[in-house]
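Coordinates in review
Listed below are the residues making up each chain.
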Amino acid sequence: MFLLGFISNDLLGFLISQSGFILPAAVIMMGLTLIAFMLYLFAFGSSPKIFLLDFACYKPPSSLACTKEMVIERLRLHGNFSDESLELMKKLMKTSGLGEATYLSEGLLREPLDMSTEAARKEAEMVVFGAVDELLGKTGVKGEEIGIVVVHSSIFNTVPSLASMIVNRYKLRENVLSYNLSGMGCSAGLLSIGLAKDLLKVNRNSYALVVTTEIITQGCYMGNDPSKLIGNCIFRMGGAAVLLSNRLSDRNGSKYQLIHTVHTNTASSDRSYNCIIQEKDHEGHVGVTITKDLLVVASEIIKSNVATLAPLILPTSERLLYLINYLIRYFRVASIEPYVPNFKRAVDHFFPHVGAKPVLDKVARKLRMSERQMEASRMTLYRFGNTSSSSVWYELAYAEAKNRIKKGDRVWQIAYGSGFKCSSAFWKAIKTIDREKMNPWSDVIDKFPVVDSQSTETFPYAFESSKSK
């Protein structure tokens, strides 16, 4: 209300004298107060728009690239695996959807394996600094201009935190808002976007740096529990950095505008909570258990997340069809299947977290997505493996490298992971995105898409629902 300071006694007297008749000063004052209040709301009261200036995905050096056979051989040489476990991992890897040039960390390629804290920290520095260096180089934003930092890594956490590591490296200012998220799984990259969005709403004229990764050096499981072996076969090295802004002046230079974020959390359910959990086996080996409830839990939470997002993005005709279908089933007028909205009418590009092949197959069936719509996610799984919470950014980079993002296009990212949680981010392209040299796909994009004949074989781990809720 500081604008009222401009309403001087002289101005008030002038308005009264020009009114043609005498109005009480109190009435003039009330009118001016209302005008000042409206100007204040216009300038400061509306929620700021959130823009994505750019993002960068870390691409490891070619010296860290591994074939599936190389990964199995290293596990055989340095692990304490039974023949049965090695055979299962071979089958899992063969049908996982991964290709022959995904990346392991330096520690996992040393002789002998180095899974120490120092090796994990070195991996974190390679990934995080590699992505952030590239991002700041692309945008021209300096470290001291960044007011918000949100970092996520599920398994690896160190003191000082990864967020502090970034503040130190880039010499961010003392009043920077920094948040370090851990243990939140593959959905936390988009959850971090939601947190950054909320912070940008109340911190004007700010940049927010979001960094998401999974440090795999200490995530390798060395025991023989079948439910813990999947992680060895699908998780690979990677990470992404994203720069958001709420400055209106940044709009024209940005790639996307953030329209919606939707987050769903079903950790109150024991089945959801336990379907992906880090624990020791009976021999004391630490690993991440993936239970056979995973696909059922994932399907249910995706359905819930989509039910919240759909009314925000679908055209009126689709919402009406959904409502009619719901009423018919609710009042039992007829026995019909639930209506699956036609998301093609609201979404131009769909980027689900890669997970593993069975998860992508389930998502495609449930949401009735075509192979064209699933292409970016399947190719990301093939080229980079499951990079956890950063995978949706490698998918977006794939579409950009293919010159598929046009001005006005609507982009939907959705990720799901331990907890169990699911997050969606819905964007609108501000401009047509041209192919860039600084893209993790730039040197191979013309070779994609590829057909992985082995991935058509049956995944050797039967996911099925338990009776627990």
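Figured I'd write up the structure that's included with this text. Since the model is a prediction, treat every value here as computed from it, not as a measurement.

What counts and what doesn't
- Throughout this description, residue numbers start from 1 for each chain and increase along the sequence as written.
- Confidence filtering applies because this is a predicted model: local features only for residues at pLDDT of at least 70, side-chain atom pairs given and counted only at 80 or more, and all residues used for totals across whole chains, interfaces and linings.
- Hydrogens are left out, water is left out, and the side-chain values use all remaining heavy atoms of the structure.
- Strands here are runs of E lasting at least two residues and helices are runs of H or I lasting at least four, both read from the DSSP assignment and numbered beginning at the N terminus.
- Any pair of nitrogen or oxygen atoms within 3.5 Å is treated as a polar contact; in protein, a donor-acceptor pairing is required on top of that, and neighbouring residues in sequence qualify only through side-chain atoms on both sides.
- The contact rule is simple, with two residues in contact once any of their heavy atoms fall within 4.5 Å.
- Any helix carries an expected span of 1.5 Å times its number of residues minus one.
- Take the seven residues that end at a residue and the seven that start at it, fit an axis to each, and the angle between those axes is the bend at that residue.
- Three exposure classes are used, based on accessible area relative to the maximum for each residue type with a 1.4 Å probe and protein chains only: buried under 20%, partly exposed in between, and exposed over 50%.

1. Focus on the side chain of Ser 153
When you line up the elements, Ser 153 lands in the loop between strand 4 (146–152) and helix 7 (162–170). At 3.3 Å, the side chain of Ser 153 forms a polar contact with the backbone oxygen of Phe 156. Excluding anything up to four places from it in sequence, Ser 153 contacts Leu 162, Leu 181, Ser 182, Gly 183, Thr 213, Glu 214 and Ile 215.

2. Thoughts on helix 14 (residues 371–384)
An ideal rise of 1.5 Å per residue puts 20 Å on 14 residues; helix 14 measures up with 19 Å between its terminal C-alpha atoms. Of all the bends in helix 14, the greatest measures close to 30 degrees and is centred on Ser 377. Within helix 14, 11 of the 14 residues are buried, leaving the element largely enclosed by the surrounding structure. Listed as buried for helix 14 are Gln 373, Met 374, Glu 375, Ala 376, Ser 377, Arg 378, Met 379, Thr 380, Leu 381, Arg 383 and Phe 384. Of the surrounding secondary structure, the elements contacted by the buried residues of helix 14 are strand 3 (102–103), strand 11 (349–352), helix 13 (357–367) and helix 15 (391–401). Once helix 14 finishes, Gly 385 follows within two positions and takes phi at roughly 75 degrees, a positive value.

3. Topic: helix 11 (residues 294–313)
Every α-helix winds through 3.6 residues per turn, so residues three or four apart in the chain are directed the same way. Over its 20 residues, helix 11 runs 28 Å from end to end, which matches the ideal 28 Å to within 8%, given 1.5 Å per residue. Roughly 25 degrees is the biggest bend found in helix 11, and it falls at Ala 307, with proline Pro 311 one to four residues downstream. Listing the buried residues of helix 11 in full gives Leu 294, Leu 295, Val 297, Ala 298, Ser 299, Ile 301, Ile 302, Asn 305, Val 306, Leu 309, Ala 310 and Ile 313.

4. Quick word on the side chain of Ser 424
Relative to the helices and strands, Ser 424 resides in strand 13 (residues 421–429). Here Asn 305 takes part through its side chain, which lies 2.6 Å from a polar atom of the side chain of Ser 424. A polar contact of 3.0 Å, which involves the side chain of Ser 424, links it to the side chain of Trp 412. When residues no more than four places from it in sequence are discounted, the contact partners of Ser 424 are Leu 190, His 260, Thr 261, Val 262, Asn 305, Leu 309, Trp 412, Gln 413 and Ile 414.

By themselves, these observations are geometric and do not establish any function.
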